[in-house]
Amino acid sequence: MTWRGCWKSCFLLALHLLAASAHSELFEEDLTLRPLRDGKLEARFSFTTLLRGTTPRDPQSLTGDDKAQHYTLFPLALGQILREHAVTELHLTLNNGKWDYDHWGYPDESGVGTGAELWAWMGDTIPPSVDERWQGLRHSLAGLFCASLGHLDEQRTTSPTLTFQPEGSLPNFTHVHQLRHATLPSEHVCTENLTPFLKLLPCKSLSGIAHLLNPHRLFDADWHGLGVHVRYRHPVGVEVRLAFQAVIDPVRYSPDRRRDWSLRSVFDRTIERPCPVARSSKVQVELPTETSYTLSPGPTDVVNNVVTYALESDQEALDVAMQWPGEDRFEYPDVSKALPLTDISVRRNLKGTGQAEARLIVEVTNNLPVPIRAGYLETMPWHLQFYLHTLRAHIDGVRHDDLVNVLSYTPPVPHSRPALLQAVLTVPSHATLHLTMDVSKPFLRYTEHPPDAQRGWDLPPAVLVPFAYGDDGELTPDQSVSNRTSGGQAPAQGRVSLQGRHRRARRMYTPVMLVDLATPDFSMPYNVIIMSCTLIALIFGSVFNLLTRRFVVVRVGSFPQAEQELSTVTGGNTDGGADAAKKTA
């Protein structure tokens, strides 16, 4: 048998083994494209692997050996970490940029906070404790994704159970589940994070929709981020969903400044073939509200203004393209006059010119004709300390402290624990709620400053979660006005849509803030080093000259006695002695 025949036999054997074990593991992939009203294009990649008939590991079994796990499509490296630390639910996001809620609407992936965010639900047990397993989980994920997740230590870890509810089922273990949450706003996603991300996929980036994940184009987007989501779906099994989301500007790639786009122009690639092990592989495009566009090629299906392209193994390379023939040049709309695309708009800033005190200001605007109740979360490192008694709520200059309810505050512990502020806000219809609170900036040790201390400190984003609409909360989050059209048009004023596409309450993240703390003059050590080196050089040079050089007094004259003395010194050579005397002089 030749090597070519042996290779084919091994390949067929691997396919048979894969098909034999595929009944317990399912893999699906899809790509969703959504044109935005400012000419940009939102792309969401989703890769879902379901391990059927499996439950998360019971923390009580951590003292013994784990059961043997055989994975075919399920990512082995991630599965080992989940079993090692008995994690029931896990969410990791790495994002770069600021998501514009008012003009882009709600994202398909809700975790769009700038930087790194990690939160997990784990069953409690002793030993090892939840905090010990949380530490091991952080370091394991840091090594897997080449990210600085090890910096998510106890100084950044909280447990905001009001805001981060489990998205899956929690098994009925002996002990209750606990939440651990941490953010690192200065961490961004790059190529070294995308490479291990692709290695978790069954087909890597060789085929299927993952072939479009071109780092040269993705990391050139206006906003981009990746996410890893693990949850338990009772009684189906454990689900792992890998997601990548980006907002791309086709106008920048067009020499004619048009918003026409295609897979080739946006990602510089096309879908050559679907992933062979994927049960379903499809591309979905949300159609804009305008009627002057063209879409090619013809879709497989059209449902609710969403076209679907099902990838087949025998079809040609797929290159979806959308064009606006009537536009010679795209004109960016005036975003200042456009209606926001979300139920709530939130802005947060820090005011104050001093380096010891400041004031935190939060503005929450209700864009609906009905009141909204929302959960508000502030997770602040101990570098910024709240004065809770100065918390005030105003609407149009009138004080309304009764609109802040269920207030929960955990004060920070310097060098040990961050501050955690949770509250329930009630925002009347078409009103803006202003929250103000004084904060203090403590002095840090000179060893606690980052290398770029003059730049300042990045503060994590605040999180807002609307959960009730109406006077008595009779409307749920999926009955809100958030179902805006793909073209960016808002529903009519005063009308509430009852067919939202998101059933779960959506988290909204504010942009990160940059705070300027009191910074010492780090040039002083440099000045001390320079002065010390100068003094050492002067002292050493003087002592070295005294120890190594010989100083002789020579009288130079025309008398015989002087010539005799000079000859004695120079060894009998009068001319050489004269030259030596000149050099000594």
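Here, every reference points to the structure presented above.
To keep things clear, this report deals only with the structure shown in the data block. The structure displayed is predicted, hence computed values, not measured ones. (Residues numbered from 1 in each chain as written. Predicted model: local features only at pLDDT ≥ 70, side-chain atom pairs only at ≥ 80, totals over all residues. Heavy atoms only, no water.)

Between its terminal C-alpha atoms helix H4 (residues 130-145) stretches 22 Å, which fits the 22 Å expected from 16 residues at 1.5 Å a residue. Of the positions making up H4, those classed as buried are Val130, Arg133, Trp134, Gly136, Leu137, Arg138, Leu141, Ala142, Leu144 and Phe145. Cysteine 146 occupies a position one or two residues after H4 and carries a positive phi of about 55 degrees. (Helix = DSSP H or I, 4+ residues; strand = E, 2+ residues; numbered from the N terminus. Expected span 1.5 Å × (residues − 1). Buried < 20%, exposed > 50% of the residue type's maximum accessible area, 1.4 Å probe, protein only.)

Each pocket or cavity is described by its volume, and for the second largest pocket that value is around 490 Å³. Lining the second largest pocket we find 20 residues, and of these His151, Arg156, Leu184, Ser186 and Trp457 sit closest to its centre. A class-by-class count of the residues in the lining of the second largest pocket yields 7 nonpolar, 6 polar and 7 charged. (1 Å grid on protein atoms, 1.4 Å probe; cavity = no way out; pocket = protein on both sides within 12 Å on 5 of 7 lines; lining within 4 Å. Points joined across faces, edges and corners; volume = space filled by probe spheres on them. Nonpolar A, V, L, I, M, F, W, Y, C, P; charged D, E, K, R; others polar.)

Bringing the sheet that holds strand E14 (residues 321-323) into the picture now. If you trace the 3 strands from one edge of the open sheet to the other, you get E9-E14-E11, paired in antiparallel fashion. Two strands bound the open sheet, and with one partner strand each, they are strand E9 (261-262) and strand E11 (294-296). Here E11 runs beside E14; their pairing, made up of 3 bridges, is antiparallel. Pairing of leucine 295 across the sheet is with methionine 322, part of E14. (Pairing = 2+ DSSP bridges.)

Within this structure, the stated rule accounts for 24 salt bridges. Where arginine 44 meets glutamate 109, a salt bridge forms, and the shortest distance between an N and an O atom there is 3.1 Å. Taken together, the residues arginine 44 in strand E2 (residues 41-52) and glutamate 109 in the loop between helix H3 (101-104) and strand E4 (115-123) connect sequence positions 65 residues apart. Taken individually, arginine 44 and glutamate 109 each receive the classification buried, so the pair is uniform in this respect. Here the salt bridges do not stand alone but share partners, grouping Asp38, Lys40, Asp220, Asp222 and Arg252 into one network. (Salt bridge = Lys/Arg side-chain N within 4 Å of Asp/Glu carboxyl O.)

Membership of the largest hydrophobic core comes to 74 residues, with the highest contact counts inside it found for Phe45 and Leu90. When residues of this core are assigned to their parent elements, the largest contribution, 7 residues, is made by H4. Those residues within four positions of leucine 90 in sequence are excluded, and the remaining contacts are Leu78, Leu82, Leu118, Trp119, Ala120, Leu137, Leu141, Val228, His229 and Val230. By size, the runner-up hydrophobic cluster in this structure holds 57 residues, among which are Val112, Val346, Leu391 and Val463. (Core = buried A, V, L, I, M, F, W, Y, C linked by side-chain atoms within 4.5 Å. Contact = heavy atoms within 4.5 Å.)

Moving on, we come to the environment of glutamate 187. Within the secondary structure layout, glutamate 187 lies in the loop between strand E6 (177-184) and helix H5 (191-199). On the basis of relative accessible area, glutamate 187 is assigned to the buried category, the value being 12%. In this structure glutamate 187 touches Leu94, Asn95, Gly115, Ala116, Ala147 and Ser148, once residues within four positions along its chain are discounted. Looking at glutamate 187, its side chain comes within polar contact range of the side chain of serine 148, at 3.4 Å. (Polar contact = N/O pair within 3.5 Å; in protein donor to acceptor, adjacent residues only side chain to side chain.)

What follows deals with the packing of aromatic side chains. The description of an aromatic ring pair uses the distance of the two centres, along with the angle that the planes make with each other. If you walk through the whole model with that rule in mind, you get 9 aromatic pairs. Pairing tryptophan 99 with tryptophan 223 gives two aromatic rings, centres 5.2 Å apart and planes at 85 degrees, and the pair type is edge-to-face. With tryptophan 99 in the loop between strand E3 (87-96) and H3 and tryptophan 223 in strand E7 (residues 223-233), this residue pair connects regions lying 124 residues apart in the sequence. On the basis of an interplanar angle of 25 degrees and a centroid distance of 5.9 Å, the ring pair of phenylalanine 540 and phenylalanine 544 is categorised as stacked. Within this pair, phenylalanine 540 and its partner phenylalanine 544 are both found in helix H9 (residues 524-548), separated by 4 residues, close to a single helical turn. Note on phenylalanine 540: relative accessible area 57%, which makes it exposed. (Phe/Tyr/Trp six-rings, centres within 6.5 Å; stacked < 30°, edge-to-face > 60°.)

With that settled, consider the state of the cysteines. Two cysteines, two sulfur atoms, one covalent bond between them: this is a disulfide. Applying the stated rule across the entire model yields 1 disulfide. Each sulfur in the disulfide pair cysteine 203 and cysteine 275 lies 1.9 Å from the other. Its torsion about the S-S bond being 70 degrees, the disulfide of cysteine 203 and cysteine 275 is classed as right-handed. With cysteine 203 in the loop between H5 and helix H6 (215-218) and cysteine 275 in the loop between helix H8 (263-267) and strand E10 (280-286), this residue pair connects regions lying 72 residues apart in the sequence. Cysteine 190 supplies the cysteine sulfur nearest to cysteine 146, a cysteine that is in no disulfide, at a spacing of 8.6 Å. Accessibility expressed as a relative area gives 28% for cysteine 190, which makes it partly exposed. (Disulfide = S-S within 2.5 Å.)

Turning our attention to empty space enclosed by the protein. If you walk through the whole model with that rule in mind, you get 10 cavities of 30 Å³ or more. Around the largest cavity, the lining is made up of 15 residues, and of these Thr55, Pro56, Leu82, Arg83 and Val238 lie nearest the centre. Mapped onto the lining of the largest cavity, the elements with two or more residues apiece are helix H2 (76-84) and E3. In terms of residues, the lining of the largest cavity owes the most to one element, H2, which gives 3 residues. Considered class by class, the residues forming the lining of the largest cavity number 8 nonpolar, 5 polar and 2 charged. Quantified by volume, the second largest cavity comes out at close to 100 Å³. In terms of lining residues, the second largest cavity is bounded by 13 residues, among which Tyr376, Leu391, Leu421, Leu435 and Met437 are the most central.

So, on to the side chain of threonine 32. Within the secondary structure layout, threonine 32 lies in strand E1 (residues 25-35). Residue class for threonine 32 comes out buried when judged on its relative accessible area of 5%. Residues within four places of threonine 32 in sequence aside, it is in contact with Glu42, Ala43, Arg44, Asp108, Gln284 and Glu286.

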